[in-house]
Amino acid sequence: MKHYNYFAWMMAIAIASMTVTACSLDSNEPEKPFTTCPAPETTLYACGVNESGTRSVSDEQDVLFTEDDIEWFNITTREIKFKDMEEPLYKRLMPYREIKFYLGNNDLFVVSSFVGDWDSRVFTDLVLHYDVITDPGHGHYYLHDCYPLPLLIDTDEVKANIEKRAGQWELFTYYLDSKGKLRK
């Protein structure tokens, strides 16, 4: 009977030890007791905003892409290279009025529109530009501060929008750099 009591105590200690350290087994830090596991890592993603201005992260259709879909972002040219997707990204972007970028649950910035080379409208705020003319047969995506770029970049309105978004832009590039997805 004494043998079973010793065995029961050893099992209880082993189970308690595993429960306390379950979330920190892969860490190089010394083991610390805690009651909950850390929250999952923050994710960068973009949602389409329809005409009513609403979005639903729980609805898969509204999430246009995540950081996993991004191969790299070139900070100099502002090109954002996406991995191949089942449905071409430009088709997924078409029905939305705006594109909102999020980092976790926090708003990062809003892209005022998705524009293509065929678009004759003028935008004085951030756009996602789909360029098919420069490299025919291979579309390229750019996050430009305005559209058309060379004509409006020096206007006061565009400069004010760039300045207003500077902190979020820095966070966006810092995050992509931390994930190894930033080109310079």
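Residues numbered from 1 in each chain as written. Predicted model: local features only at pLDDT ≥ 70, side-chain atom pairs only at ≥ 80, totals over all residues. Heavy atoms only, no water.

Caption draft 1: Structural detail: unusual backbone geometry. At the junction of Tyr147 and Pro148, the peptide bond is cis and its omega measures out at -10° in the coordinates. Locating Pro148 in the fold gives a position in the loop between strand S9 (140-144) and helix H3 (149-152). With phi around 70°, Arg78 is a residue other than glycine that occupies positive phi space. Along the chain, Arg78 turns up in the loop between strand S3 (70-74) and strand S4 (79-82). Note on Arg78: relative accessible area 15%, which makes it buried. (Helix = DSSP H or I, 4+ residues; strand = E, 2+ residues; numbered from the N terminus. Buried < 20%, exposed > 50% of the residue type's maximum accessible area, 1.4 Å probe, protein only.)

Caption draft 2: View of the packing of aromatic side chains. The final tally for this structure, using the stated rule, is 15 aromatic pairs. Following the ring pairs from residue to residue traces out a cluster consisting of Phe65, Phe73, Phe82, Tyr90, Phe101, Phe109, Phe114, Trp118, Tyr130, Tyr141, Trp169 and Phe172. It is Arg183 that lies over the ring of Trp72; its NZ or CZ is 3.9 Å from the centre. (Phe/Tyr/Trp six-rings, centres within 6.5 Å; stacked < 30°, edge-to-face > 60°. Lys NZ or Arg CZ within 6 Å of the ring centre and 35° of its normal.)

Caption draft 3: Inspection of the confidence of the model for the protein chain at higher detail. Across the protein chain, pLDDT averages 79, with 72% of residues at or above 70. By mean pLDDT, the top-scoring element of the protein chain is S3 (97), and the lowest-scoring one is helix H1 (residues 2-21) (44). The low-confidence segment residues 29-40, where pLDDT is below 50, has eight contacts with residues more than four positions distant or belonging to other chains. (pLDDT = per-residue confidence, 0-100. Contact = heavy atoms within 4.5 Å.)

Caption draft 4: Structural context of the sheet that holds strand S1 (residues 44-49). Read from one edge to the other, the open sheet built from four strands follows the order S2-S1-S5-S6, with strand pairing classed as antiparallel. Each edge of the open sheet is held by one strand with a lone partner, namely strand S2 (63-66) and strand S6 (106-111). Strand-to-strand twist in this sheet, taken as the mean axis angle between neighbours without regard to direction, amounts to 25°. (Pairing = 2+ DSSP bridges. Axes fitted to C-alpha atoms, helices over the stretch in contact; angles between N-to-C directions.)

Caption draft 5: Representation of the nonpolar core in the model. Core analysis: the largest hydrophobic core is formed by 28 residues, its most contacted members being Ile99, Phe101, Leu128, Tyr141, Leu143 and Phe172. Tallying contributions element by element places helix H5 (residues 166-178) first for this core, with four residues. Once you skip the residues sitting within four places of it in the chain, Tyr141 turns out to touch Arg78, Glu79, Ile80, Phe82, Leu89, Tyr90, Leu93, Phe114, Leu128, His129 and Tyr130. (Core = buried A, V, L, I, M, F, W, Y, C linked by side-chain atoms within 4.5 Å.)

Caption draft 6: Structural context of the environment of Thr155. Considering the arrangement of structural elements, one finds Thr155 in the loop between H3 and helix H4 (156-164). We classify Thr155 as partly exposed; its relative accessible area is 28%. Along the sequence, Thr155 and Thr124 sit 31 residues apart, while their C-alpha atoms lie 8.5 Å from each other.

Caption draft 7: Spotlight on H5. Taking 1.5 Å of rise per residue, 13 residues should cover 18 Å, and H5 covers 18 Å from first to last C-alpha, within 8% of that figure. Buried within H5 we find Trp169, Phe172, Thr173, Tyr175 and Leu176. Taken around the axis of H5, the buried residues stretch over an arc of 160°, which confines them to a single face. Across H5 from its buried face, at more than 90 degrees, point the exposed residues Gly167, Glu170, Tyr174 and Ser178. (Expected span 1.5 Å × (residues − 1). Arc of directions from axis to C-beta.)

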